[in-house]
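In case you want the letters, here they are:
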Amino acid sequence: MNKSQFKSVLTEAANNPQTIHGIFNWCDRWCERCSHTGRCTIYEASSHLPFHSPEDLFKSLSITFEATMDMVKEEAEKHGLDFESLRDSDIESEYDREKNLVRNDAGVSLAKQYGKQVKHWLDSLQRKDYISMEIRLQDPMLADCLEVIQWYQYQFEVKFTRALMAQKEEEKEQLNPYDSLGNAKLLLVSMERNMGAWGYIYQKIKEDEDEILDILICLQRLYIKIEQSFPEAKAFIRPGIDELPNYSTK
């Protein structure tokens, strides 16, 4: 597949009446466990790209980048904007300044601490008795819980940073909170899943209960911080994820 073909596939997926536009904005990117992939533009388009070898991966990323840049240029032209002048503007430096501001947020620090604690605990599992762990991992629920923990390990810091930056942008532009609440809702839902996973692991790996409790305390503090920073997040409905739209059968 070349760039033009990928753009055609992307456009076709976007125009599909079953597509939920923007559903990918507030998801956890865990496509293998998502029930809405058939309504996601990104998934539908990406499924046509080759991923059979490392060479395919880099080729697919190149195609995606080139197609995305073409589409950004086309949108800029539609709005009478000079794409080259946008590239030379101070947008990037402003973005970096805002990112540095939220990087010192207490919640972001908690999310970073959580990621480090999880890494330390996962690393310790590698040093434990191999046979003992293999026996316990025959429990499919335990294996699934460990997979959940690993998937979200570093996402909380990334998503919290994005939610805070969106919040600042909405306040600056005097916009109704939308992107910020969508990301905050994703954080809360993801953290509830992780708390459940840690609860099961706590029951199964009793020799690590002190370390697991410390991780759960950090996670609970982070959860409370998100609720305080985004008090309307729990009630926010992410289109297509928290509530599926009613599609016409005609």
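Nothing here was measured: the structure is a model prediction, and the numbers come from that model.

1. Structural notes on the overall build of the protein chain
The helix and strand inventory of the protein chain stands at eleven helices and zero strands. Taken from the N to the C terminus, the helices and strands of the protein chain come in the order α-α-α-α-α-α-α-α-α-α-α. Here the protein chain holds 250 residues, and the buried ones make up 38% of them. Relative to all contacts within the protein chain whose residues are 6 or more apart in sequence, the contacts with residues 24 or more apart total 77%. For the protein chain, the computed accessible surface area is about 15300 Å², with 53% contributed by carbon and sulfur atoms.

2. Quick notes on the side chain of Thr41
You can see Thr41 is positioned in helix 2 (residues 41–46). Judged by its relative accessible area of 8%, Thr41 falls in the buried class. If we ignore the near neighbours within four places in the chain, the residues touching Thr41 are Leu10, Ala13, Ala14, Thr19 and Phe24.

3. Things to note about the packing of helix 9 (residues 155–172) against helix 10 (residues 179–204)
Orientation of helix 9 relative to helix 10, taken along the N-to-C sense of each, is 155°, at an axis distance of 8 Å. Between helix 9 and helix 10, the interaxial angle falls into the category roughly antiparallel. Seen along the crossing, helix 9 lies across helix 10 with a hand that is left-handed. Taken together, the residues of helix 10 that come into contact with helix 9 (itself represented by Phe156, Lys159, Phe160, Arg162, Ala163, Ala166, Gln167 and Glu170) are Asp179, Ser180, Asn183, Ala184, Leu186, Leu187, Ser190, Met191 and Asn194. Tallied by class, the residues present in the contact of helix 9 with helix 10 amount to eight nonpolar, five polar and four charged.

4. Some words on the pattern of salt bridges
By the definition in use, this model includes twelve salt bridges. In this structure, Lys204 and Asp139 form a salt bridge, with 3.9 Å as the shortest nitrogen-oxygen distance. One end of the pair, Lys204, is in helix 10; the other, Asp139, is in the loop between helix 7 (130–136) and helix 8 (140–152), and 65 residues separate them in sequence. The exposure class assigned to Lys204 is partly exposed, which follows from its relative accessible area of 38%. Close ionic contact of Lys172 with Glu169 constitutes a salt bridge, the shortest N to O distance being 3.5 Å. Of this pair, Lys172 and Glu169 are both found in helix 9, three residues apart, which corresponds to roughly one turn of the helix.

5. Overview of the confidence of the model for the protein chain
Scored by pLDDT, the protein chain comes out at a mean of 82, with 81% of its residues at no less than 70. When pLDDT is averaged over each helix and strand of the protein chain, the minimum, 59, is found for helix 4 (residues 83–87) and the maximum, 96, for helix 11 (residues 209–229).

6. Digging into unusual backbone geometry
Its identity is not glycine, yet Arg29 carries a phi of approximately 65°, on the positive side. You can see Arg29 is positioned in the loop between helix 1 (3–15) and helix 2. Here the phi dihedral of Gln174 falls at roughly 55°; this positive angle occurs in a residue that is not glycine. One can find Gln174 in the loop between helix 9 and helix 10.

Conventions used here
- Residues numbered from 1 in each chain as written.
- Predicted model: local features only at pLDDT ≥ 70, side-chain atom pairs only at ≥ 80, totals over all residues.
- Heavy atoms only, no water.
- Helix = DSSP H or I, 4+ residues; strand = E, 2+ residues; numbered from the N terminus.
- Buried < 20%, exposed > 50% of the residue type's maximum accessible area, 1.4 Å probe, protein only.
- Contact = heavy atoms within 4.5 Å.
- Areas by Shrake-Rupley, 256 points an atom, 1.4 Å probe, with all protein chains shown as cover.
- Axes fitted to C-alpha atoms, helices over the stretch in contact; angles between N-to-C directions.
- Parallel < 35°, antiparallel > 145°, perpendicular 65-115°, else oblique.
- Left-handed = near helix turned anticlockwise from the far one by under 90°.
- Nonpolar A, V, L, I, M, F, W, Y, C, P; charged D, E, K, R; others polar.
- Salt bridge = Lys/Arg side-chain N within 4 Å of Asp/Glu carboxyl O.
- pLDDT = per-residue confidence, 0-100.

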